[in-house]
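One letter stands for each residue in the lines below.
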Amino acid sequence: MPDPATAGGTLPALITAVGAAIAGVLGAVALFGRRKPSDEAVAPTPVVDAIERDREIERRLSKLEQRADEHKDHHEDLDMKTNLTYSRLLVEESKEAPRARKRS
Amino acid sequence: MSTDATHALTEQKSVSRRLRWTAGLGLIVPMYLAWEGFLATVAGASLLLLPRERVSSATLSALYHWVTPHAWGVIFLLLGIVCIAAVIKPKILWRHALFFLLEVQATWAIGLTAAVIFHDAPVNAIAGLTWTNLVGTTFIVILHAQRFNNGRQ
């Protein structure tokens with residue numbers, strides 16, 4: 001009497017092997033498939049893009065504000081210097097005026 | 001509301017729904033793996049310790065064609081160890097344990113059915129049990145893939 005353990009033909013064993021291989025491939029794809037970065041899972045791409053754009057705009061705005069402050073300081077400096085020079089000129093002119101009148 | 005914003009909102013809702021649906025996995029997977037690990041260990045021990053006549057039948061012929069009962073016993077014991085290690089160790093082992101489990105269960109389910117269909121072997125109760133287990137494992141694998149293959153690990 002043949003051993004029941006190995007009495008079966010090759011076909012069932014072959015079908016079993018093929019089925020196991022298919023299950024293995026499907027399981028591997030499902031379990032070890034490519035993972036996306038976590039940010040994308042939490043927030044979909046359009047939302048992430050909008051947040052990125054917002055941050056970029058804020059960064060540029062703060063840079064512009066900083067530059068505007070620098071320009072303002074520079075202008076104040078220039079104004080102060082101009083005023084000082086003008087005052088000195090006025091003082092000098094006021095000193096020169098009586099002498100010129102005397103000479104004339 | 002613009003099309004982009006509507007699309008983003010819909011996508012966000014879908015992601016939230018999916019994450020909520022699979023939130024219980026942290027408890028389900030270890031419990032399932034513990035149960036399957038126990039079953040695999042019992043099956044492995046039976047295949048290794050019981051006499052060959054007790055663990056052989058025409059229904060198992062397709063499975064024993066290339067792999068001996070003792071080798072299956074070792075495979076089942078290994079599966080049991082991996083499943084229990086996956087319960088104890090970090091979540092990273094879950095995928096490996098689930099893959100191993102899916103592979104062994106699929107082999108047994110198809111093997112037991114193939115012998116019945118092509119070899120006119122009597123239907124074995126283990127076949128039904130294996131198919132039921134395979135359905136359960138497939139369900140867990142799909143849930144696992146839904147949750148973790150989108151970046152939440």
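Everything quoted here is computed from the prediction, not taken from an experiment.

Calculation criteria
The numbering scheme is per chain: residues are counted from 1 as the chain's sequence reads. A letter from A marks each chain and a number from 1 marks each ligand, given out in the order of writing. Side-chain atom pairs in this predicted model are given and counted only at pLDDT of 80 or more, local residue features only at pLDDT of at least 70, and totals for whole chains, interfaces and linings cover all residues. Water and hydrogen atoms were dropped before computing side-chain values, which therefore reflect all heavy atoms in the structure. Numbered from the N terminus, helices here are DSSP runs of H or I no shorter than four residues, and strands are runs of E no shorter than two. The cut-offs for exposure are 20% and 50% of the maximum accessible area for each residue type, with area from a 1.4 Å probe on protein chains only; residues under the lower value are buried, those over the upper are exposed, and the others partly exposed. We call two residues contacting when some pair of their heavy atoms lies within 4.5 Å. In short, Shrake-Rupley with a 1.4 Å probe defines the accessible areas, and a residue's cover is counted only from the protein chains shown. The predictor reports its confidence for every residue as pLDDT, a score running from 0 up to 100. Put simply, a patch holds well-exposed residues, over 30% relative accessible area, that have no salt bridge, with like charges counted together within 9 Å and Val, Leu, Ile, Met, Phe, Trp or Tyr side chains within 5 Å. A pair is scored as a salt bridge if a Lys or Arg side-chain nitrogen falls within 4 Å of a carboxyl oxygen belonging to Asp or Glu. To qualify as a nonpolar core, a set must consist of buried Ala, Val, Leu, Ile, Met, Phe, Trp, Tyr and Cys residues joined through side-chain atoms within 4.5 Å. Axis lines are fitted through C-alpha atoms, for helices just across the contact stretch, and the angle between N-to-C directions can take any value from 0 to 180 degrees. When an angle is under 35 degrees it counts as roughly parallel; over 145 it counts as roughly antiparallel; between 65 and 115 it counts as roughly perpendicular; any other value is oblique. Handedness of a helix crossing follows the sense of rotation of the near helix relative to the far helix, less than a right angle counterclockwise being left-handed and clockwise being right-handed. Polar here means any residue other than Ala, Val, Leu, Ile, Met, Phe, Trp, Tyr, Cys and Pro, which are nonpolar, and Asp, Glu, Lys and Arg, which are charged; Gly is therefore polar. Contacts described as polar in this section are N or O atom pairs within 3.5 Å, which, within protein, must combine one atom able to donate a hydrogen with one able to accept it, while residues neighboring in sequence count only if both atoms come from side chains.

Caption draft 1: The arrangement of the overall build of chain B in detail. Helices and strands together make up the secondary structure of chain B, namely five helices and zero strands. Looking at chain B as a whole, 41% of its 153 residues qualify as buried. Pairs at least 24 residues apart make up 75% of the contacts formed inside chain B by residues separated by at least 6 positions. Counting every atom, chain B has about 8,100 Å² of accessible surface; 71% of that belongs to carbon and sulfur.

Caption draft 2: The arrangement of the confidence of the model for chain B in detail. Residues and elements named next belong to chain B. The pLDDT averaged across chain B works out to 83; a share of 79% of its residues lies at or above 70. Across chain B, the secondary-structure element scoring lowest on mean pLDDT is helix 1 (residues 3-21), at 64, and the one scoring highest is helix 3 (residues 69-88), at 93. Interface confidence in the predicted complex, given as ipTM, is 0.77; pTM for the same model is 0.63.

Caption draft 3: Seen up close, a nonpolar patch on the surface. Nonpolar side chains collect at one region of the surface, where A:Leu11, B:Ile117 and B:Phe118 lie side by side and expose about 310 Å² of accessible area between them. Residue placement: B:Ile117 occurs in helix 4 (residues 92-119).

Caption draft 4: Here's a closer look at the nonpolar core. By size, the foremost hydrophobic cluster in this structure holds 32 residues, and its most contacted members are B:Leu33, B:Leu63, B:Tyr64, B:Trp72, B:Phe76, B:Leu79 and B:Trp108. For this core, the secondary structure elements donating two or more residues are helix 1 (10-32) of chain A together with helix 2 (25-49), helix 3, helix 4 and helix 5 (125-148) of chain B. Every residue in contact with B:Leu79, bar those within four places of it in the chain, is listed here: B:Ala40, B:Phe100, B:Leu101 and B:Val104.

Caption draft 5: Representation of the packing of helix 2 of chain B against helix 4 of chain B within the structure. All names here are of chain B. Here helix 2 crosses helix 4 at 50 degrees, and the two axes come no closer than 11 Å. For the element pair helix 2 / helix 4, the angle class is oblique. By crossing handedness, the relation of helix 2 to helix 4 is classed as left-handed. Facing Leu25, Gly26, Val29, Pro30, Tyr32, Leu33 and Glu36 of helix 2, the residues of helix 4 in contact are Trp94, Ala97, Leu98, Leu101 and Gln105. Partitioned by chemical class, the residues of the contact of helix 2 with helix 4 number nine nonpolar, two polar and one charged.

Caption draft 6: Seen up close, the side chain of B:Thr137. All names here are of chain B. Its place among the elements puts Thr137 in helix 5. In this structure Thr137 comes out as buried when scored by relative accessible area, which is 0%. Here Thr137 is in contact with Tyr32, Leu98, Leu101, Leu102 and Gln105, once residues within four sequence places are set aside.

Caption draft 7: Region of interest: the confidence of the model for chain A. For chain A, the mean per-residue pLDDT works out to 82, and 81% of the residues sit at or above 70. Per-element averaging of pLDDT across chain A places helix 2 (residues 38-42) of chain A at the bottom with 52 and helix 1 of chain A at the top with 91.

Caption draft 8: Representation of the side chain of B:Gln105 within the structure. Residue and element names in this part refer to chain B. Within the element layout of this structure, Gln105 appears in helix 4. Taking relative accessible area as the criterion, Gln105 reaches 6% and is therefore assigned buried. Within the structure, the side chain of Gln105 is placed 2.9 Å from the side chain of Glu36, a separation counted as a polar contact. Those residues in contact with Gln105 that sit more than four places away from it in its chain are Tyr32, Glu36, Thr130, Asn133, Leu134 and Thr137.

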